[in-house]
Amino acid sequence: TGALDSRATRAKHGTVVARLTRIMAHSLATAGATYAGAALTGRRAPAGRLAVRGSSLKVRAADATAEFDPRTFRRELSKTGKYNRKFLKDEESAKKMEDDGIGYSKSGLVAKMRESGNVHVDGDVTFQLAEAYGFCWGVERAVQMAYEAKKQFPDANLWITNEIIHNPTVNDRLGEMGVQFIEETADGKDFSGCKEGEVVILPAFGASVHEMKLLNDKGVNIVDTTCPWVSKVWNAVDAHTRKEFTSIIHGKWAHEETIATASFAKTYLVVKDMKEAQYVCDYVLDGGDRDEFLAKFKNAYSEGFDPDTDLGALGIANQTTMLKGETEAIGKLLEKTMMQKHGVDKLNDHYMVMDTICDATQERQDAMYKLVDDKPDMMLVVGGFNSSNTSHLQEISEDASIPSFWVDTHDRLDADTNTITHRLAHGELVETKDWLPAGKVTIGVTSGASTPDKVVEDVIDVIMATKKKMSGAPAR
């Protein structure tokens, strides 16, 4: 099953650069070839030939060349009257989220655990909750903004460009509210259903600047729920672009957040881990086989990227859900490499770093390390199977050799047979029978930043029911 999931992901994202090119080409065909900053005011540039390199779109004409500037576009977009990124903090919307089971628990089991030192004992089972877990502020903000949009535009068609967050329960709730999800086809996302005056929500991990341009051209109302920490990364890659540095993005090239971040960079390379970063640094210092390099990082670099010319000046950025320690290690490695290559006195001319590590991701990872140090008998990790930050929580537990079970909903557990279907950190979906032992057991509990407390509570309820069946006691 994990292999099937992996192949599906590659099939879905294997043409990311081509998809972005198609989106931008469609956008310019709709609005006419436009100069940066003129797109929203109706001023048009002479028509010309389209060429895309990364996110830098150029319109070539006989007498003029204009370059699409993502930062200028975003600034102009905010002035249109059809773009909103304001979090209203509407209490009625927050209450509806709680009633729908996708908010922050105020009276359920998780809330009671917080009041009892993050511990709950039920018979032979002790649940130990991580100090930091579950919904982060950026995720809660994004979901509530979607609820607020429904309230603000009660009669309008509402769309969202992707899952609002990586959690099936939350996305199902939005679907039940009438929010429609943009369809992903073999040729990319199909925006044809979005009509002028309708509402399109951008998810917590953002949308590419090309999608924003297309939506603006269609005359829709845009509700931008992008997490401010993600926007901070966009500002970092924009700073790289303005210094003509290549952005080295620590992330997964097919992840929606990294796709969005890359669209704001002119020249970029995505590295997944320390091993790939070391390969890049070896190439910087010693050179290598250009074709091998390009094949190794296929789909992970900007169009026209050349390792022989584009690795002279580097800036580091990251997908906000990656492991904090690995991002920092990659940054140190790049810094050391550029000092070795160009000298300490020239470092600022060849390397730049801005703090783009998300506090919420860091806090949950730190809490997981602490929970692992307490050595529970096993670990329960709850979160969407396509959630990057949740996968890293699972990875921390696996690295500590603690039996760890990652589930996305309570439906993965069968109380009658003591069976659990769970995911491993690197994608395999496995079924484990008799996973709960007889007798006393301590279970460490954490959840990804996109996971509502109610989902965790539902999973714990099934565990308690399973243990009662094992002991012959009636389940509550």
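Structure's up top.
The present account deals with the structure reproduced in this document. (Residues numbered from 1 in each chain as written. Predicted model: local features only at pLDDT ≥ 70, side-chain atom pairs only at ≥ 80, totals over all residues. Heavy atoms only, no water.)

Digging into helix α16 (residues 388-399)
Helical geometry note: an α-helix holds 3.6 residues per turn, so side chains three or four residues apart project in the same direction. Between the first and last C-alpha of α16 there are 16 Å, a value that for 12 residues agrees with the 16 Å anticipated at 1.5 Å per step. For α16, the tally of buried residues reaches 10 of 12 residues, placing the bulk of the element in the interior. Packed against the buried residues of α16 are α15 (359-373), β17 (378-382), β18 (404-407), β20 (419-423) and β22 (441-447). Phi for S401, located one or two positions after α16, is positive at around 60 degrees. (Helix = DSSP H or I, 4+ residues; strand = E, 2+ residues; numbered from the N terminus. Expected span 1.5 Å × (residues − 1). Buried < 20%, exposed > 50% of the residue type's maximum accessible area, 1.4 Å probe, protein only. Contact = heavy atoms within 4.5 Å.)

Side note on the sheet that holds strand β4 (residues 83-84)
Read across the open sheet, the 5 strands follow the order β4-β12-β11-β7-β8; overall the sheet is parallel. Whereas interior strands pair on both sides, the edge strands pair on one side only; in this sheet they are β4 and β8 (180-181). When β4 meets strand β12 (residues 221-224), the two strands line up parallel, connected through 2 bridges. In the strand pairing of β12, N84 is matched with V223. Packing against the sheet, helix α8 (residues 209-218) makes contact with β11 (199-202) and β12, and its axis sits at approximately 150 degrees to β12. (Pairing = 2+ DSSP bridges. Axes fitted to C-alpha atoms, helices over the stretch in contact; angles between N-to-C directions.)

Digging into the pairing of β18
Along β18, one buried face is formed by S404 and W406 and the opposite face, lined by F405 and V407, is buried too. Looking at chain direction, β17 and β18 are connected through 4 bridges and run parallel. Residue pairing across strands places M379 opposite S404, the latter belonging to β18. Where the polypeptide runs from β17 across α16 and back to β18, its parallel neighbour, the crossover connection is right-handed. (Right-handed = clockwise from strand over helix to strand, strands pointing away.)

Looking at helix α7 (residues 168-176)
Residues of α7 that are buried: T169, V170, N171 and L174. Where α7 is buried, its residues meet α6 (137-152), β8 and α17 (453-471). Among the residues of α7, the N-terminal cap falls to N167, whose side-chain oxygen and the backbone nitrogen of T169 are separated by 3.1 Å. Trailing α7 by a residue or two, G178 shows a phi angle of about 100 degrees, which is positive. (Polar contact = N/O pair within 3.5 Å; in protein donor to acceptor, adjacent residues only side chain to side chain.)

Some remarks on the nonpolar core
Counting residues in hydrophobic clusters, the biggest one holds 81 residues, and the most contacted among them are V143, I164, L269, F293 and L311. Ranked by residue count, the leading element in this core is α6, at 7 residues. Not counting chain neighbours up to four residues away, the residues in contact with F293 comprise L269, Y279, V280, Y283, F305, P307 and L311. One finds L129, W435, V455 and V459 within the second-largest nonpolar core, a separate group that totals 28 residues. (Core = buried A, V, L, I, M, F, W, Y, C linked by side-chain atoms within 4.5 Å.)

Re the sheet that holds strand β15 (residues 314-318)
A sheet is described by the order of its strands in space; here 4 strands give the open sequence β14-β13-β15-β16, paired in parallel fashion. On the outer flanks of this sheet lie β14 (268-271) and β16 (351-353), each paired with one strand and no other. Each neighbouring strand pair of the sheet contributes to a mean axis angle of 25 degrees, computed without reference to strand direction. With 3 bridges joining them, β15 and β16 adopt parallel strand pairing. Paired with L314 across the two strands is Y351, which belongs to β16. Against the sheet, helix α13 (residues 324-342) makes contact with β13 (246-250), β14, β15 and β16, and its axis sits at roughly 180 degrees relative to β15, the strand it touches most.

Remarks on the packing of aromatic side chains
All told, the structure shown has 10 aromatic pairs when counted by the stated rule. On the basis of an interplanar angle of 45 degrees and a centroid distance of 5.6 Å, the ring pair of F68 and F73 is categorised as tilted. Summarising the burial analysis for this pair, F68 and F73 share the class buried. Members of the aromatic cluster, joined through ring pairs, are Y279, Y283, F293, F297, Y301 and F305. A cation over an aromatic ring shows up here: K296 above the ring of Y279, its NZ or CZ 5.0 Å from the ring centre. (Phe/Tyr/Trp six-rings, centres within 6.5 Å; stacked < 30°, edge-to-face > 60°. Lys NZ or Arg CZ within 6 Å of the ring centre and 35° of its normal.)

Thoughts on the pattern of salt bridges
Scanning the entire structure with this criterion turns up 22 salt bridges. Here R173 ties to E176 by a salt bridge, and the two come within 4.0 Å at their closest N and O atoms. In this pair, R173 and E176 both sit in helix α7, 3 residues apart, roughly one turn of the helix. Take E176: its relative accessible area is 60%, and that puts it in the exposed class. Overlapping salt bridges, with partners in common, bring together D69, R71, D238 and R242 in one network. (Salt bridge = Lys/Arg side-chain N within 4 Å of Asp/Glu carboxyl O.)

Considering the packing of helix α3 (residues 70-77) against α8
At a minimum axis separation of 11 Å, α3 and α8 run at an interaxial angle of 40 degrees. As far as their axial angle goes, α8 and α3 are oblique. Regarding α3 and α8, the two cross each other, and that crossing is left-handed. Every residue of α8 that contacts α3 at P70, F73 and L77 is listed here: V209, M212, K213 and N216. (Parallel < 35°, antiparallel > 145°, perpendicular 65-115°, else oblique. Left-handed = near helix turned anticlockwise from the far one by under 90°.)

Re unusual backbone geometry
The phi angle at K89 is positive, at roughly 55 degrees, despite the residue not being glycine. Within the fold, K89 resides in the loop between β4 and α4 (91-99). Exposure remark for K89: the relative accessible area of 60% places this residue in the exposed category.

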